[in-house]
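Structural features, examined
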Amino acid sequence: MSVTADDRQDPLRIFDSPDSPTPEVQLLSNGRYHVMVTSAGGGYSRWKDLAVTRWYEDGTCDNWGSFCYVRDAASGDFWSTAYQPTLQRAEIYKAVFSAGRAVFRRRDHDIETHTEIVVSPEHDIELRRTRIANCSGARRIIDLTSYAEIVLAPPATDSEHPAFSKLFVETEIMRERQAILCTRRPRAPGERTPWMFHLLAARVPATGEVSYETDRLRFIGRGRTTADPRALHDNAALSGSAGPVLDPVAAIRCCIALEPGETATVDLISGISETREACVGLVGRYQDREFADRVIAAAPTCDQAILSRLHVTAADAQLYGRLAGSVIYANATLRADPGILAKNLQGQSALWGYAISGDLPIVLLKIADSADIGLLRQLVQAHAYWRMHGLVVDLVVLSEDHDGRRPPLHEQITKLIAAGNSADRVDQPGGIFVRSADKIDDADRILLQTVARVVIGDGDGSLAQHLERVGAAPTSIPPLPPVRSHGPESPAAIEPPERDLIFRNGLGGFTPDGCEYVITIVPGQMTPAPWVNILANPSFGSLISESGSANTWSENAHEFRLTPWSNDPVGDANTEAYYLRDDESGRFWSATLLPRVPGSGAAPYVTRHGFGYSVFEHSEDRIDSELCVYVAIDAPVKFAVLTLRNRSGRTRRLSVTGYLEWALGDERAKTRMHVITGLDSNSGALFARNAYNTDFAGRTAFFDVDDITDRSFCGDRGEFLGRNGTLRNPAAMSQSRLSGTVGAALDPCTAIQVPCELADGQAREIVFRLGAEHDADAARDLVRRSRGSMAAHGALAKVKQYWQHTLGAVQVKTPNRSLDVLTNGWLVYQILACRVWARNAFYQSSGAFGFRDQLQDVMALVHAVPELVREHLLRCASRQFREGDVQHWWHPPSGRGVRTHCSDDYLWLPLATC
């Protein structure tokens with residue numbers, strides 16, 4: 001709940017729950033160093049144009065930011081100083097946003113925490129001060145652990161390829177000063193890179209040494225998340241790893257002993273400077289309690305000075321802060337009507353004719369009456385306020401004066417802007433753009449409304465009234481009423497039989513014929529890195545890991561991803577998942593290891609990676625499941641065939657839910673506002689499209705299941721997961737069915753749920769399909785052709801037949817059996833499926849042809865698929881120029897790429913042709 005008081009000197013926004021419909025935000029800044037924090041505790045830290053910490057826009061999960069964990073050493077219970085990231089409910093929870101600060105208060109297990117977050121007016125640092133009070137009658141030992149992922153690069157560069165970006169960050173531990181230093185190695189001679197520090201200053205004696213961690217894998221653990229990191233599960237000190245770690249974080253832990261009624265204060269300070277010397281100087285300065293106290297006291301005064309300079313009242317600042325939440329986290333309430341969004345057929349390039357790049361968030365004001373010019377004045381002030389706090393926005397003013405009154409409305413608008421703080425930002429990136437409605441055609445008008453994160457109309461009331469606008473009420477779905485206990489079936493699940501494998505390594509091995517790699521994972525165990533299979537045909541494919549995490553694409557694995565690509569080997573995040581639920585007890589699990597982590601008593605998960613397919617086997621509550629995933633060899637469709645068998649001794653009522661998140665472009669952050677989902681009345685499949693992605697205009701993706709009569713579905717990720725939700729425990733799994741919500745202005749996903757009743761000993765097969773075609777008619781035709789068990793089994797047979805024929809063309813036998821296994825299948829399979837067709841992998845998702853790279857690859861295929869080699873030689877020959885040089889790489893289908901003069905490019909075409 002939010003409370004504002006316009007008549008107060010210092011109006012507050014107070015939230016007693018983290019579950020606001022969309023994230024409420026507070027902006028803190030000194031003009032150079034910027035912090036955004038949400039009422040649930042997510043947010044970012046930025047310095048000038050660089051991301052200091054990692055953050056992605058996710059108004060549903062809101063789980064990116066800088067965090068602080070609190071742990072009771074005796075019981076092992078842990079929580080966080082805000083709601084994120086642990087998602088632990090507090091006995092008392094409050095978030096308070098006031099001038100220049102954000103405050104979080106919690107009470108958990110008789111421990112109270114009070115955390116203030118401010119930015120220094122003087123130095124480029126943020127201070128997070130936590131006071132911990134022991135409200136119990138016993139002595140308590142409390143561990144306090146900070147955590148943030150380090151970036152030190154432009155946000156767009158980091159999100160394009162996170163794993164690559166992380167490789168250039170180095171960390172250094174300064175134990176004598178209780179600090180961590182971080183910098184980014186220069187990538188070019190003379191490049192200057194900033195230095196960042198993270199400091200812990202405890203104001204009471206600790207019971208043990210302060211410990212440090214800069215390796216995210218060690219802190220989080222494989223397959224885990226920040227909600228439940230491995231480092232919080234024992235009393236051991238953090239490892240102290242530092243240097244060129246592969247996945248850099250800054251984490252510091254101190255241990256505090258509190259007598260009954262005693263209070264301790266801990267300051268967590270992060271900051272940044274141009275040089276190492278200046279950074280070390282700040283570390284030394286802020287070890288002094290007086291400097292930290294000064295920052296806490298001065299932050300509100302500094303904020304008031306900024307407001308005075310902008311002629312903004314404190315009440316206005318709170319209003320602009322509220323509006324900033326919808327700029328940072330797009331939501332349907334303040335966007336254009338879904339009917340308008342559905343009409344848009346244009347992409348970003350259509351904005352350029354109006355000198356608007358489309359790279360920045362857009363706020364659109366439609367004004368037709370000079371009597372409402374005060375609304376423009378407020379938005380101009382808001383625009384300046386946001387810019388001073390590091391939120392760069394394009395404010396587009398659409399003048400809709402149609403009656404020719406004098407003075408013209410357009411003239412009044414330009415005069416007001418010229419008199420304000422943004423006069424020098426007119427028609428500049430991050431500035432104000434005034435355009436006359438009568439000079440904009442209908443298609444462009446629709447486009448402007450589509451791209452705007454906030455649309456304000458002067459006929460719809462004041463700015464405050466716009467913020468009180470109520471969107472469509474969420475669909476109310478009754479909870480699933482449990483009729484049995486949640487305990488597992490008895491007896492326990494049968495262990496899978498011991499398999500005859502060769503070249504075992506403790507987690508997996510090859511079948512004796514070398515055609516499958518079998519991985520067995522018991523609860524609490526993970527492979528050291530994702531072990532993936534690439535399932536592909538020449539124009540469509542999917543990457544899937546041993547845990548079930550998957551990414552699917554069509555035509556180009558980088559440019560047109562159907563589901564997002566994860567570049568995180570630690571979390572191995574799912575964006576495609578399949579759930580099974582016992583509808584009598586409400587207990588649910590996933591058909592693959594992730595996202596639903598099994599309990600300690602669960603049976604192992606077995607993954608079998610084969611040529612063109614992957615199979616996931618599991619048994620839970622005496623329900624055996626086998627999920628077989630493959631891509632048709634001759635069609636742009638992926639099958640997920642789930643076979644269930646009941647061996648519980650009684651009839652079981654189950655439901656199966658298939659879930660995926662849509663991208664329909666290169667990055668979900670760029671596309672999520674423009675993906676529109678819907679139920680196709682002709683085929684009965686769930687469709688998704690993104691008209692804003694004009695490079696793939698008309699493309700229609702679909703998710704489908706055979707049992708369409710009894711299914712329920714949902715196209716809103718926010719509704720499926722729930723606010724602050726996760727795929728490990730989605731809100732929809734506690735509901736009786738899915739809501740049926742689809743359309744525009746949602747957080748786009750598609751989930752399909754199918755009821756399944758099994759008699760004892762009975763088996764049933766449920767087939768899900770994910771695909772894409774060039775238009776809706778072709779998608780409907782593909783849906784019809786691929787439905788039914790016969791179509792699914794026929795497609796799998798063709799996949800196996802193709803790979804048996806292709807990989808059997810050349811067989812070798814040597815004294816080295818391991819060489820035979822790789823040569824007689826896996827190496828050729830990898831080259832063709834991954835390198836030539838997919839051009840995609842876990843660590844790099846290219847999608848492009850490389851002149852040199854793929855020529856090298858196809859040389860290995862000359863005996864297996866000579867016709868494919870010839871086809872590729874002609875393809876590369878077409879990328880040559882008269883001058884003799886070539887396109888070093890290019891993206892199909894557009895051919896867009898880079899022309900370079902790399903000397904080795906000239907060599908490979910003649911060599912591969914010989």
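Since the model is a prediction, treat every value here as computed from it, not as a measurement.

This next bit is on the sheet that holds strand β15 (residues 195-202). Judged by pairing direction, the sheet is antiparallel, and its nine strands sit side by side in the order β1-β8-β9-β10-β11-β18-β15-β14-β13 without closing on themselves. The open sheet has two edge strands, β1 (13-15) and β13 (169-174), and neither has a second partner. Each strand of the sheet is rotated relative to its neighbour by a mean of 15 degrees, with strand direction disregarded. Bridge count for strand β11 (residues 125-134) against strand β18 (residues 263-273) is nine bridges, and the pairing is antiparallel. Looking across to β18, one finds that Arg131 is bridged to Thr265. Along the sheet face, helix α4 (residues 276-286) touches β11, β13, β14 (179-184), β15 and β18 and points at about 15 degrees away from the line of β15.

Our focus in this paragraph is the sheet that holds strand β24 (residues 516-521). Reading across the sheet, the ten strands line up as β23-β24-β30-β31-β32-β33-β40-β37-β36-β35 and stay open at both edges, with antiparallel pairing between neighbours. The strands lining the two open edges of the sheet, one partner per strand, are β23 (508-510) and β35 (676-679). For this sheet the average axis-to-axis angle between neighbouring strands, irrespective of direction, equals 15 degrees. Where β24 lies against strand β30 (residues 605-610), six bridges are found, and the strand directions are antiparallel. Directly across from Glu516, in β30, lies its bridge partner Gly610.

Right, let's get into the environment of Arg668. Position of Arg668 relative to the elements: it lies in helix α12 (residues 668-671). Along the primary structure Arg668 and Ser326 are separated by 342 residues, whereas in three dimensions their C-alpha atoms are 18 Å apart. Setting aside residues no more than four positions away along its own chain, Arg668 makes contact with Pro564, Glu661, Trp662, Arg717, Asp747 and Pro748.

This part takes up helix α8 (residues 373-388). Three or four residues apart is the spacing at which side chains of an α-helix point the same way, because the helix has 3.6 residues per turn. An ideal rise of 1.5 Å per residue puts 22 Å on 16 residues; α8 measures up with 23 Å between its terminal C-alpha atoms. Residues Ile373, Leu375, Leu376, Leu379, Val380, Gln381, Ala382, His383, Ala384, Tyr385 and Trp386 constitute the buried set of α8.

Quick look at the packing of helix α18 (residues 866-877) against helix α19 (residues 905-913) now. Following both chains from N to C, one finds α18 and α19 inclined at 150 degrees, their axes separated by 11 Å at the closest point. In terms of orientation, α18 and α19 fall into the roughly antiparallel class. α19 is crossed by α18, and the crossing has left-handed handedness. For the pair α18 and α19, the contacting residues are Leu873, Cys876 and Ala877 in the first and Leu909, Ala912 and Thr913 in the second. Residue composition of the contact of α18 with α19, grouped by class: five nonpolar, one polar and no charged.

The subject of this paragraph is the pairing of strand β12 (residues 140-153). The side chains of a regular strand alternate between both faces of the sheet. Counting buried positions over the 14 residues of β12 gives 13, a clear majority of the element. Note that strand β5 (residues 50-53) and β12 share two bridges and pair antiparallel. Residue Thr53 lies in a different strand from β12, and its bridge partner there is Ile150. Bridge count between strand β6 (residues 67-72) and β12: six bridges; the pairing is antiparallel. Along β12, the bridge assignment pairs Asp72 with Ile142.

This paragraph deals with a nonpolar patch on the surface. Among the surface-exposed residues, Phe164, Leu167 and Leu246 lie close enough to one another that they form a single nonpolar patch of about 280 Å² accessible area. When you line up the elements, Leu167 lands in the loop between α2 (162-166) and β13. What makes Leu167 partly exposed here is its relative accessible area of 35%.

A few words now on the pairing of strand β20 (residues 394-399). For β20, the tally of buried residues reaches six of six residues, placing the bulk of the element in the interior. Along β20, one buried face is formed by Asp394, Val396 and Leu398 and the opposite face, lined by Leu395, Val397 and Ser399, is buried too. Examined bridge by bridge, strand β19 (residues 362-367) and β20 share six bridges and lie parallel to one another. Paired with Val363 across the strands is Leu395, a residue of β20. Once you follow β19 into α8 and on to β20, the crossover reads as right-handed.

Considering all chains together, one arrives at 71 salt bridges under this definition. Put simply, Lys48 and Glu274 hold a salt bridge, and the shortest N to O gap is 3.3 Å. Of this pair, Lys48 sits in the loop between β4 (43-47) and β5 while Glu274 sits in the loop between β18 and α4, and the two are 226 residues apart along the sequence. Residues Asp621 and Arg587 are paired through a salt bridge, measuring 3.0 Å at the closest nitrogen-oxygen approach. Separated by 34 residues along the polypeptide, Asp621 in the loop between β31 (613-620) and β32 (623-631) and Arg587 in the loop between β28 (576-582) and β29 (588-590) bring together distant segments of the chain.

Further remarks concern helix α5 (residues 289-310). Across its 22 residues, α5 extends 32 Å between first and last C-alpha, which sits within 8% of the 32 Å expected from 1.5 Å per residue. Approximately 40 degrees is the largest bend angle found in α5, and it occurs at Ala298, with the proline Pro300 only one to four residues beyond. Taken residue by residue, α5 has Phe291, Ala292, Val295, Ile296, Ala299, Pro300, Asp303, Ile306, Leu307 and Leu310 as its buried positions. Following α5 by one or two positions, His311 adopts a phi angle in the positive range, close to 60 degrees.

This part is about the packing of α8 against helix α9 (residues 409-418). Interaxial distance between α8 and α9 falls to 10 Å at its minimum, and their mutual angle equals 30 degrees. On the basis of the axis angle, α8 is roughly parallel to α9. The interaxial crossing formed by α8 with α9 has right-handed handedness. Along its contact with α8, which presents Ile373, Leu376, Arg377 and Val380, the element α9 presents Leu409, Gln412, Ile413, Leu416 and Ile417. Classifying every residue of the contact of α8 with α9 by side-chain character gives seven nonpolar, one polar and one charged.

Right, let's talk about the packing of aromatic side chains for a bit. Enumeration over the complete set of coordinates arrives at 28 aromatic pairs. Both rings, one in Trp55 and one in Tyr329, keep their centres 5.8 Å apart while their planes meet at 80 degrees; by these two values the pair is edge-to-face. Linking Trp55 in the loop between β5 and β6 with Tyr329 in the loop between α6 (314-328) and α7 (338-341), this pair joins segments that are 274 residues apart in sequence. Among the aromatic residues, those joined into a cluster by ring pairs are Phe510, Tyr517, Trp531, Phe611, Tyr802, Trp803, Trp826, Tyr829 and Trp837. Directly above the aromatic system of Tyr44 lies the positively charged group of Arg46, at a separation of 4.2 Å from the ring centroid. Taking NZ or CZ as reference, Arg899 lies 3.9 Å from the ring centre of Phe881, over its face.

The rules behind the values
Residues numbered from 1 in each chain as written. Predicted model: local features only at pLDDT ≥ 70, side-chain atom pairs only at ≥ 80, totals over all residues. Heavy atoms only, no water. Pairing = 2+ DSSP bridges. Helix = DSSP H or I, 4+ residues; strand = E, 2+ residues; numbered from the N terminus. Axes fitted to C-alpha atoms, helices over the stretch in contact; angles between N-to-C directions. Contact = heavy atoms within 4.5 Å. Expected span 1.5 Å × (residues − 1). Buried < 20%, exposed > 50% of the residue type's maximum accessible area, 1.4 Å probe, protein only. Parallel < 35°, antiparallel > 145°, perpendicular 65-115°, else oblique. Left-handed = near helix turned anticlockwise from the far one by under 90°. Nonpolar A, V, L, I, M, F, W, Y, C, P; charged D, E, K, R; others polar. Patch = residues over 30% accessible without salt bridge, like charges linked within 9 Å, V, L, I, M, F, W, Y side chains within 5 Å. Areas by Shrake-Rupley, 256 points an atom, 1.4 Å probe, with all protein chains shown as cover. Salt bridge = Lys/Arg side-chain N within 4 Å of Asp/Glu carboxyl O. Right-handed = clockwise from strand over helix to strand, strands pointing away. Bend = angle between axes of the 7 residues up to and from the residue. Phe/Tyr/Trp six-rings, centres within 6.5 Å; stacked < 30°, edge-to-face > 60°. Lys NZ or Arg CZ within 6 Å of the ring centre and 35° of its normal.

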